[in-house]
Amino acid sequence: MLDSSSSEDTGGESDLEPQRKPDASSSAEKRETGPPGSQQLRSATPGSLAGKSTKVNSATDEEQEKRKRESIQKEEEERKIKLQIYVFVLRCIAYPFNAKQPTDMSRRQQKVNKQQLQAVKERFLAFLNGETQIVADEAFCNAVRSYYEGFLKSERISRMVQSGGCSANDFREVFKKNIERRVRSLPEIDGLSKETVLSSWIAKYDAIYRGDEDLWRQPQRAHLSAVSELILSKEQLYEMFQQILNIRKFEHQLLYNACQLDSMDEQAAQIRRELDGRLQLAEKIAKERKYPKFVSADMEALYVEELRSSVNLLMANLESLPVSKGGPDFKQKLKRSTIVIMEVQGLKSVAPDRMVYCTMEVEGEEKLQTDQVEASRPQWGTQGDFTTTHALPSVKVKLFLESTGVLALDDKELGKVILNPTTNGPKHTEFHRMIVPKNSQDTELKIKLAVRMDKPPNMKHSGYLYAMGQRVWKRWKKRYFVLVQVSQYTFAMCSYREKKAEPQELMQLEGYTVDSCEPRPGLQGGRVFFNVLKEGDLVMFACDDEQERVLWIQAMYRATGQSYKPILHPKNKTPNCRGGNQKLTSPISLDPSQRQAVEKLISASPCQFDHAALFTILQKHTLQHRMNDSFSCLGWFSPGQVFVLDEYCARYGVRGCHRHLSYLKELMDYSENNALVDPMLLHYSYAFCASHVHGNRPDGIGTVTMEEKVQFEAIRSRLIALLENQITHFRYCFPFGRPDGALKATLSLQERVLMKDITTPVPPEDMKKLVQRCLEQAAQINYSQLIEYAKIKVEHQVPPEKRLEDMMRLGELCIEVLQQNEEHHSEAFSCWPELMAEHAEKFLSLYRADMEAALQVQSIDSWNSFPLFQLFNNFLRTDPHLCNGMFHKHLQDLYIPLVVRYIDLMELAIAQSIHRSFQKETWQPVNNGSATSEDLFWKLNTLQMFVMDLHWPEPEFAKHLEQRLKLMASDMMEACVKRTKSAFDAKMQKVCKSTDSLLPLSVCTMFNVLIDAKNQCSKLCVLDSEQEIDGQWQQYHSKIDVLIDEALKDIITSLVSKFAAVLNGVLSKLSRYDEGTFFSSVLSFTKPRMDLADTYTSFVRQNQDILHRGVSDELYIETVFDQWYTDSMRAICVWLTDRLDLQLHMYQLKTLINIVKKTYHDFRLQGVQDSTLNIKSYETIYNRLTMEEATVAVKAGDGLRGISTRDSDVEDD
């Protein structure tokens, strides 16, 4: 029921109580049957231990019972307050005249709860495990993996979901921002724009997020909380505030009926009474001078004026509402009449086959006619509609017989009936006796019909009354009265005559009071009486029916707007089934106490309540309901809630400052309990209160109470602390920059709160110091949270390798935190970029202490810490604010000794490896050189790449490192070249000079080592072109370059010299056949073969093949061949020149022709250019051999046996 026993709202924090509260229910008193435990006290033995224990137990039980009674009584009081608030809310919803539901509010998104978050995690994990049918490339999978690991699994997102401030749109926006950064870093692809890639990735994300079921789709029938963002109907608003105030459905039905919410007239009259009461209250305050305490005494008179102005404004708003579409003109067509003719009975004088019909008309309107029917069955069911301006019209219905005569002009009238219907008349069909002509046989002629008159909107009641007054209706007489509403505040009691559109007499009811009265002796007519009274005037009314009097008094009570409620005689308090209710009518039976409770709730005067306190309770429960619904509201009310709260404040005079102060308190309570609240909402309410307290009149109210000022200062101090805490915990209050723009709005609000007044801005330095202090604390909080998240323990018993591994993992997390700060929060702090840099430095300084401790326990010869330097340096050198900052410089100072020591040790190790390796070198070919050279060049290149990958940020030291590594490479290469050259010389000394000797493969390997050194020199020994090259360095580099070139030159010369020595041996053997020598005469008798030429040709060809297979560089092979060929031709030419005066022996001629021709051919096949082949030496040789060949041909005929210098460029068969 409506008492506390029906309350469902038990426990919890008690609400503020208004000045007037309903009386406590007597149910708690009825339960007080005596002190608990009295039986135990009486049964206890005096002085015994059991007696003492019983006394203690009984006292405890009594105390518990007392607390229980107090708790129940408190709950009853709170329940009654909620019911009273609900009565006021019902009236605001039923007849609003100040506010409308806003249509321009931002649409809120649906919340993501814990179950949905877990489902989303499972869907993304299934995609990453390949358990879905969504096709994606590697780049998208990497983006999803990063989103899953960094966002979905984040503890901050779990907190955000728990706080109720996270929506599916937040999830989507974070992913979109993440992939936009990734896609921008991808290379351009012809024919595929990055916008297309983004759209495709977003579509795939949506498919993953939805999974098998579409979470974005609303159910077919949405719950009330799901449609709270829409414009709600009155029934939906009733249901919403039943939930907000914990009102049961049957309680709502009782109050709905008791308040007559379906009657707009009653609601308008209630408003008029309320406004009249507020005016009287203002006058009482001014008369008794019971003002609130203001900040200035001058505001007292202004306060009363503001009360009057607010009521006048409400009156104007109410007056502006239209009463009816026709307006206040009495001459309009007020009513629509409907006449339905059913049948006629008692028609006996007419033959059955004759045709009859009826006509109907309203005075002054067009006449209508029914169809013709046979007299035997006079039935129609015809309806006619008329409109009339007459308050008491005359309706005529006639029955006619169709004339059959040829000369008949008019049909015969059989009967008629004349009626004067009213709006209160019967609506059903009934028989009426007809007036028949004289001498008619149908004396019992009756017609069944119904006449219905619609009640126009401005006609509040009508009927016949006896009346007599002093100024109008001066004779006691029965008249037809109509109560007409001209406007919201103007009502008139009008008397009409039949067939008249204008009232005969009228009286405005403004200022009159209606009440029932006893019958007045001497007046004939009327059984029950009532009157309307005004100073100097009295009008007496009477009617024959008690219920009719009740209806008239009720209608006139609404019209007069009087505060006094008419009291009827107890026997007269009966319900009316036709119209409004004077008392409660409900299908639910109520006992007298419950009926009295309902009556007390609805009859309570609103002016007797502290509506500021009631509104605080209402707003608190409304916000609680809003924060618990299915939308991520961030503290914003729904349009329907805003509408009801606005209407309540305007109708019951809740000051705007009080409304926003209480709103701020509730919002800050939620914020302090880790719920997400939009700072823009806090900013708006705070700005309103600040403007009001400082006298800027944001709502036109110029008075400021001391209570408002004290509350404002308290809220300001509390808000400063709250905002400072949110800025300090910005990573956790606004995770991943969500809600969008909230951190920036918080900073703006903090700056606004720090203002002493509404005009003087906060000095920039003060705001900067506050933000700086917050960010310093944020660095410590973020790092401690990171340590806790990473579960890293800094203990001495932890192995150094594990500590270094932990520091590496912690360093990655630190960099991730700084990157997230830059990505999601840097825009909010864009006014103070140096403070964000200081925050990052402070954050890294905390890491530095742990890093140094971990590095100190590492072995002196351990180089496993270099990845840690690379990790941070690669991040810091790209950040314009952190590059070469404190942490970066300290990191460099920490690693400079390590880098130098590492290079020193590597230099020593490489030098030792060169010495040991060359001692054991077998000169077997390995890749481009030998095993020793390959190992050396790999080590030098790896060392330089390692130092290069460090990307040392300090230019001078970076230049020093590069120069040192280049110098070291030059020194190592010089040692390699010299050792290789020495080994080559030693090897060449062992090679014999006969035609049977072949070039060893190791010689080719040595040659390759020098060639590879030449190639590696340009990479390992040359500085970056961007660096400035001094003369000393250039001279040093030229030295190693020259050394390698000279070594290669010496090797080529040595090879060619060895080949030339073999040719000289062949030529010395031919010298034995010189003309005029002793051996020549002896050898003349022999027949030597061509073995000498063949062996030399085979020697040349085999060594050419060895060089081709063994030497890796074609250019150097060509150089060797060119020099070899040139030296060979020169040697032969010199040998022939020495024998210019001698004729060659036949054997000499044939051998030389064979050697020269095959040598020319072989070297041509090896790629020697014609310009080299046809040198002057070769031409001299060719001419001499041609001449000798001709001489032999003259003397000996065919002595050469087919050997000829002709076609020397073609190989003999």
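Bear in mind that the values here come from a model prediction, so they are computed numbers and not experimental data.

## Concerning the packing of helix α24 (residues 833-856) against helix α26 (residues 886-919)
At step 1: Orientation of α24 relative to α26, taken along the N-to-C sense of each, is 15°, at an axis distance of 9 Å. The pairing of α24 with α26 is recorded here as roughly parallel in orientation. Relative to α26, α24 is oriented so that their crossing is left-handed. Where α24 approaches α26, its residues E841, L844, Y847, R848, M851, E852 and L855 are matched on the opposing element by M886, F887, H890, L891, L894 and Y895.
At step 2: Taken together, the residues that form the contact of α24 with α26 break down as nine nonpolar, one polar and three charged.

## Considering the nonpolar core
At step 1: Among the nonpolar cores identified, the biggest contains 119 residues, and Y847, F1007, L1055 and I1132 are the most heavily contacted of them.
At step 2: In terms of residue count, the dominant contributor to this core is helix α30 (residues 1031-1071) (14 residues).
At step 3: Not counting the four nearest positions on each side in its chain, Y847 is found in contact with Y783, M807, L810, G811, C814, L868, F872 and F887.
At step 4: Core analysis: the next-biggest nonpolar cluster, separate from the first, contains 89 residues, Y663, L664, Y670 and A742 among them.

## Focus on unusual backbone geometry
At step 1: Of note, the amide linkage connecting R738 to P739 takes the cis form, showing an omega dihedral of -10°.
At step 2: Structurally, P739 can be placed in the loop between α20 (730-733) and α21 (742-753).
At step 3: Here N246, not a glycine, exhibits a phi torsion of approximately 60°, which is positive.
At step 4: Within the secondary structure layout, N246 lies in the loop between α9 (234-245) and α10 (249-259).
At step 5: The class of N246 is buried, set by a relative accessible area of 16%.
At step 6: Unlike most non-glycine residues, Q260 shows phi in positive territory, near 55°.
At step 7: Structurally, Q260 can be placed in the loop between α10 and α11 (264-288).
At step 8: On the accessibility criterion, Q260 (10% relative accessible area) is buried.

## What to know about the pattern of salt bridges
At step 1: In this structure the tally under the stated criterion is 39 salt bridges.
At step 2: Across the pair E300 and R289 runs a salt bridge, and its minimum N-O distance is 2.9 Å. Of the two residues, E300 is situated in helix α12 (residues 299-320) and R289 in the loop between α11 and α12; the sequence distance between them amounts to eleven residues.
At step 3: Of the charged contacts in the structure, one is a salt bridge between R809 and D806, with a shortest N-O distance of 3.8 Å. Taken together, the residues span about one helical turn, with R809 and D806 both in helix α23 (residues 800-825) at a distance of three residues.
At step 4: Here the residues in one salt-bridge network are R91, E274 and R651, joined through shared partners.

## Digging into the sheet that holds strand β14 (residues 513-517)
At step 1: Here we have seven strands laid out as an open sheet, ordered β13-β12-β11-β10-β16-β15-β14, and antiparallel in their pairing. Each of the sheet's edge strands pairs with one partner strand only, and the pair in question is β13 (505-508) and β14. Put simply, the sheet's adjacent strands are angled 35° from each other on average, direction ignored.

## Concerning helix α4 (residues 114-128)
At step 1: Taking 1.5 Å per residue as the helical rise, α4 with its 15 residues ought to reach 21 Å, and the 21 Å between its terminal C-alpha atoms agrees with that figure.
At step 2: Those residues of α4 not exposed but buried are L117, V120, K121, R123, F124, A126 and F127.
At step 3: Between the side-chain oxygen at the start of α4 and the backbone nitrogen of Q115 there is a gap of 3.3 Å, and the oxygen is on N113.
At step 4: In the segment just after α4, G130 is the residue with positive phi, at about 75°.

## Concerning the environment of H1108
At step 1: Within the secondary structure, H1108 is located in helix α32 (residues 1091-1110).
At step 2: On the basis of relative accessibility, which here comes to 30%, the residue H1108 falls in the partly exposed class.
At step 3: Sequence-wise, H1108 and C1004 are 104 residues apart; in three dimensions their C-alpha atoms are separated by 9.3 Å.
At step 4: If near-sequence neighbours (up to four positions away) are discounted, H1108 is found in contact with E1114, I1117, F1121 and Q1166.

## Focus on the packing of aromatic side chains
At step 1: Taken as a whole and assessed by the stated rule, the structure comprises 55 aromatic pairs.
At step 2: Residues F171 and Y209 carry aromatic rings whose centres are separated by 6.3 Å and whose planes lie at 80° to one another, so their mutual orientation is edge-to-face. Highlighted residues: F171 in helix α7 (residues 168-185) and Y209 in helix α8 (residues 194-210), separated in sequence by 38 residues. Each member of the pair, F171 as well as Y209, carries the same accessibility label: buried.
At step 3: Aromatic pair Y466 and W476: ring centres 5.9 Å apart, planes at 10°, arrangement stacked. With Y466 in strand β10 (residues 459-469) and W476 in the loop between β10 and β11 (477-487), this pair connects stretches of sequence that are ten residues apart.
At step 4: Among the residues examined, Y466 registers a relative accessible area of 18% and is labelled buried.
At step 5: Through successive ring pairs, a cluster of aromatic residues spans F124, F127, F140, Y147, F151, F171, F175, W201, Y205, Y209 and F736.

Conventions we followed
- Residues numbered from 1 in each chain as written.
- Predicted model: local features only at pLDDT ≥ 70, side-chain atom pairs only at ≥ 80, totals over all residues.
- Heavy atoms only, no water.
- Axes fitted to C-alpha atoms, helices over the stretch in contact; angles between N-to-C directions.
- Helix = DSSP H or I, 4+ residues; strand = E, 2+ residues; numbered from the N terminus.
- Parallel < 35°, antiparallel > 145°, perpendicular 65-115°, else oblique.
- Left-handed = near helix turned anticlockwise from the far one by under 90°.
- Contact = heavy atoms within 4.5 Å.
- Nonpolar A, V, L, I, M, F, W, Y, C, P; charged D, E, K, R; others polar.
- Core = buried A, V, L, I, M, F, W, Y, C linked by side-chain atoms within 4.5 Å.
- Buried < 20%, exposed > 50% of the residue type's maximum accessible area, 1.4 Å probe, protein only.
- Salt bridge = Lys/Arg side-chain N within 4 Å of Asp/Glu carboxyl O.
- Pairing = 2+ DSSP bridges.
- Expected span 1.5 Å × (residues − 1).
- Polar contact = N/O pair within 3.5 Å; in protein donor to acceptor, adjacent residues only side chain to side chain.
- Phe/Tyr/Trp six-rings, centres within 6.5 Å; stacked < 30°, edge-to-face > 60°.

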